[in-house]
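Listed below, chain by chain, are the residues.
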Amino acid sequence: MFQGKTPGYALPSVLNEYLAASVSGQLLFRAEGGVTKTINIWRGRVTSASSQLIDDRLGEVIYREGKLTLDTFIDAAGKVTKALRFGDLLIKSGIFTPLDLYDALASQTRAVLASLLFYDTLDVEFRPNDSVPKLELPINETLGDLLDESLSEFRFVQAFERAVRLAPLLTVNEDALHLVNNDFHRDVVQLVRETPDFSAIVDKTSRLSAPYTVRALFELYLRGVLEDSWGFARSYLSSESASGLAQVVEEANFLLAELANAAKMEEIEEWENIVFGAGGVLSRELGNGHYLTPVGFVHSNILRSLVLRSTVRKTALSRFEKSWPTTFVECVRTALYHGLAYILFELFNRKFSSQEFTRVRVLMEDMRGGKGS
């Protein structure tokens, strides 16, 4: 089986070769900078993964995922000893249950696996070991999806980095700061405020390794927290799809304006709160992002999600009723319809007999393709 040097993006084929052979042991990957990461295999199943890189330590991973606040993370890290590991400390302190820790260890393993794809070169070595593992984490059933999604992310993140290094000034979108919803992302945004140059952040000021820093900035870009001065997402959309998307967003904005006028006529005072709730509906459909304001849908951020999020692309190809088209544009049409339907529902709850809301409902059914609400 393969041993030697390989690019990181070849990890899925290398790993699958060992899993198919049902071997037991350790796959060691040595990357630039002397970093070693290990995938533990037992009879053709991944049981866990580990890493010497500080960024892959358990506390760092779950802090980045928002499962720990910065204060809790720093406090717990300062109490770690050789006899008391980080995870055991979280349980002893009552911060985590054993199940929480189990999930966190699975997150750590997924993070180590995904990170391997982002290295230019990996030196691969296999060491057989027949010892029964102490723990097998629940990742094998989703391993293929994890690696496929990570490979898709790798390609876009790599292209994102190339594009931004040519125009490296980063700008924070103040209207999207509600999406900076954990201490880690707040830390990254503060870093951007202090050093708005992308290259300087990645290469000098970030405490994270370059791959993790670029991925963090890419996630903030996807959410709409960082402004797009590169036209990055648009370059991946055909002119026909771009035109169709613009038409769908224009149609949705027309309906939103009709709902806003109807709400004003009926003297509904909670308009902004209702729209904020609809934004949550869109985030569930399109991934965490800034897609809706009280005055309109944000076309540029919808486009980013549509093109750059693998989960949305998969949804566009697989999830709809048979009577619905399965194009990206229809994926967005459905998501925006659900957001508008949420607003309409909330307005009806406040004034069920409104003829204005009924009128807009008829217009919305045309958007749904006459299939009913």
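Here goes a summary of the coordinates provided. In this text, all values refer to a predicted model and were calculated from it rather than measured experimentally. Every chain is numbered on its own, with residues counted from 1 as its sequence reads. pLDDT decides what is reported in this predicted model: residues at 70 or higher carry local features, side-chain atom pairs at 80 or more are listed and counted, and totals for whole chains, interfaces and linings draw on all residues regardless. Water and hydrogen atoms were dropped before computing side-chain values, which therefore reflect all heavy atoms in the structure.

**Considerations on the overall build of the protein chain**
Quick reminder of the rule: A run of DSSP states H or I qualifies as a helix once it reaches four residues; a run of E qualifies as a strand once it reaches two. Both are numbered from the N-terminal end. Accessible area is worked out with a 1.4 Å probe on protein chains only. A residue is then buried under 20% of its type maximum, exposed over 50%, and partly exposed in between. For this analysis, residues touch if any pair of their heavy atoms sits within 4.5 Å. Counting rule applied: Lys, Arg positive; Asp, Glu negative; His and chain ends not counted. In plain terms, the charge of a residue is placed at NZ if it is Lys, CZ if Arg, CG if Asp and CD if Glu.
A tally of helices and strands in the protein chain yields 15 helices and seven strands. Seen through its principal axes, the protein chain has C-alpha atoms that stretch 70 × 45 × 40 Å. Put simply, the protein chain has 373 residues, and 52% of those count as buried. Long-range contacts, defined as pairs at least 24 residues apart, comprise 68% of the intrachain contacts of the protein chain with a sequence gap of at least 6. Considering the protein chain, the positive charge centre built from 40 side chains and the negative charge centre built from 48 side chains are found 5 Å apart.

**A short note on the pairing of strand β4 (residues 45–51)**
This is how it is decided: By definition, two strands form a pair when at least two bridges between them are found by DSSP.
The pairing of strand β3 (residues 35–42) with β4 spans six bridges and is classified as antiparallel. Residue pairing in the sheet places N40 in a bridge with S48 of β4. Between β3 and β4, which pair antiparallel and follow one another directly, the connecting turn spans two residues, one of which, R43, has a positive phi of 50°.

**Digging into the sheet that holds β3**
Heads up, the condition is: Whenever a helix is involved, its axis is fitted only over the stretch in contact; in every case the axis is a line through C-alpha atoms, and angles between N-to-C directions fall within 0 to 180 degrees.
Within the open sheet, the five strands sit side by side as β1-β5-β2-β3-β4. Their pairing is antiparallel. Looking at the sheet topology across the chains shown, the edges are occupied by β1 (4–6) and β4. Across this sheet, the average inter-strand angle for adjacent strands is 25°, counted without regard to direction.

**A short note on the nonpolar core**
Cut-off, in case you're wondering: Nonpolar core, defined: a set of buried Ala, Val, Leu, Ile, Met, Phe, Trp, Tyr and Cys residues in which side-chain atoms within 4.5 Å join the residues together.
Grouped together as the largest cluster of nonpolar side chains are 120 residues, with contacts concentrated most on L15, I39, F160, L217, F297, L336 and I343. Examining the composition of this core, we find that 11 residues originate from one element, helix α14 (residues 328–350), more than from any other. Look past the residues within four positions of L217 in its chain and what remains in contact with it is F160, L170, V188, V192, F198, I201, V202 and L226.

**Quick word on the packing of aromatic side chains**
Keep this limit in mind: Planes of paired rings set the category: under 30 degrees apart is stacked, over 60 is edge-to-face and the rest tilted, where pairs are Phe, Tyr or Trp rings (Trp by its six-membered ring) whose centres lie within 6.5 Å.
Summed over the entire model, instances satisfying the criterion amount to 18 aromatic pairs. Look at Y18 and F126: their rings are 4.9 Å apart centre to centre, the planes differ by 40°, and that puts the pair in the tilted class. Residue Y18 is found in helix α1 (residues 11–20), and its partner F126 is found in strand β5 (residues 122–128); the two are separated by 108 residues along the sequence. Exposure class is identical for Y18 and F126. Each is buried. Ring centres 5.0 Å apart and planes at 70° place the aromatic pair F156 and Y236 in the edge-to-face group. Taken together, the residues span a long stretch of sequence, with F156 in helix α6 (residues 143–166) and Y236 in the loop between α9 (210–223) and α10 (239–265) at a distance of 80 residues.

**Some details on the side chain of S305**
In this fold, S305 is placed in helix α12 (residues 299–308). Setting aside chain neighbours within four positions, we find S305 in contact with L286, Y291 and V312.

**Examining the environment of P7**
Structurally, the position occupied by P7 is in the loop between β1 and α1. Sequence-wise, P7 and R333 are 326 residues apart; in three dimensions their C-alpha atoms are separated by 39 Å. Setting aside anything within four residues of it in sequence, one finds P7 in contact with Y119, D120 and T121.

**Topic: unusual backbone geometry**
With a phi angle near 50°, R43 is a residue other than glycine that sits in the positive phi range. Relative accessible area serves as the criterion here: at 58%, R43 is assigned to the exposed category. Despite not being glycine, E267 has its phi angle at roughly 60°, a positive value. Position of E267 relative to the elements: it lies in the loop between α10 and α11 (271–286). Residue E267 is classed as exposed on the basis of its relative accessible area, which comes to 66%.

**Structural notes on α10**
The condition that has to hold: Here a helix's expected span is defined as the number of its residues, less one, multiplied by 1.5 Å.
Between the first and last C-alpha of α10 there are 39 Å, a value that for 27 residues agrees with the 39 Å anticipated at 1.5 Å per step. Among the residues making up α10, those that are buried are A242, G244, L245, V248, V249, A252, L255, L256, E258, L259, A262 and A263. If you follow the buried residues of α10, they end up packed against α11, β6 (292–293), β7 (296–297), α12, α14 and α15 (355–367). E267 lies just past α10 and shows a positive phi near 60°.

**As for the pattern of salt bridges**
For clarity, the threshold we go by: For this analysis, a salt bridge means a side-chain nitrogen from Lys or Arg found within 4 Å of a carboxyl oxygen belonging to Asp or Glu.
Taken as a whole and assessed by the stated rule, the structure comprises 26 salt bridges. Residue D123 pairs with K5 through a salt bridge whose shortest N-O separation is 3.9 Å. Taken together, the residues D123 in strand β5 and K5 in strand β1 connect sequence positions 118 residues apart. Given the relative accessible area of 28%, D123 is considered partly exposed. D187 is the salt-bridge partner of R207, the closest N and O atoms lying 3.9 Å from each other. You can see R207 sitting in the loop between α8 (198–205) and α9 and its partner D187 sitting in helix α7 (residues 183–194), a full 20 residues away along the chain. Beyond isolated ion pairs, a larger network of salt bridges with shared partners links R30, E125 and R127.

**Focus on the packing of α10 against α12**
Note the following rule: Convention used here: angles under 35 degrees read as roughly parallel, angles over 145 as roughly antiparallel, angles from 65 to 115 as roughly perpendicular, and any remaining angle as oblique. Crossing handedness follows the turn of the near helix against the far one: under a right angle anticlockwise gives a left-handed crossing, and clockwise gives a right-handed one. Under the convention adopted here, Pro, Cys and the residues Ala, Val, Leu, Ile, Met, Phe, Trp and Tyr are nonpolar, Asp, Glu, Lys and Arg are charged, and Gly plus all remaining residues are polar.
Viewed as axis vectors pointing N to C, α10 and α12 meet at an angle of 130°, and their least axial separation amounts to 11 Å. By the criterion of interaxial angle, the relationship of α10 to α12 is oblique. Seen from above, α10 lies across α12 with right-handed handedness. Between α10, through L245, A246 and V249, and α12, the contact on the second element is made entirely by H299, I302, L303 and L306. Of the residues in the contact of α10 with α12, the class split is six nonpolar, one polar and no charged.

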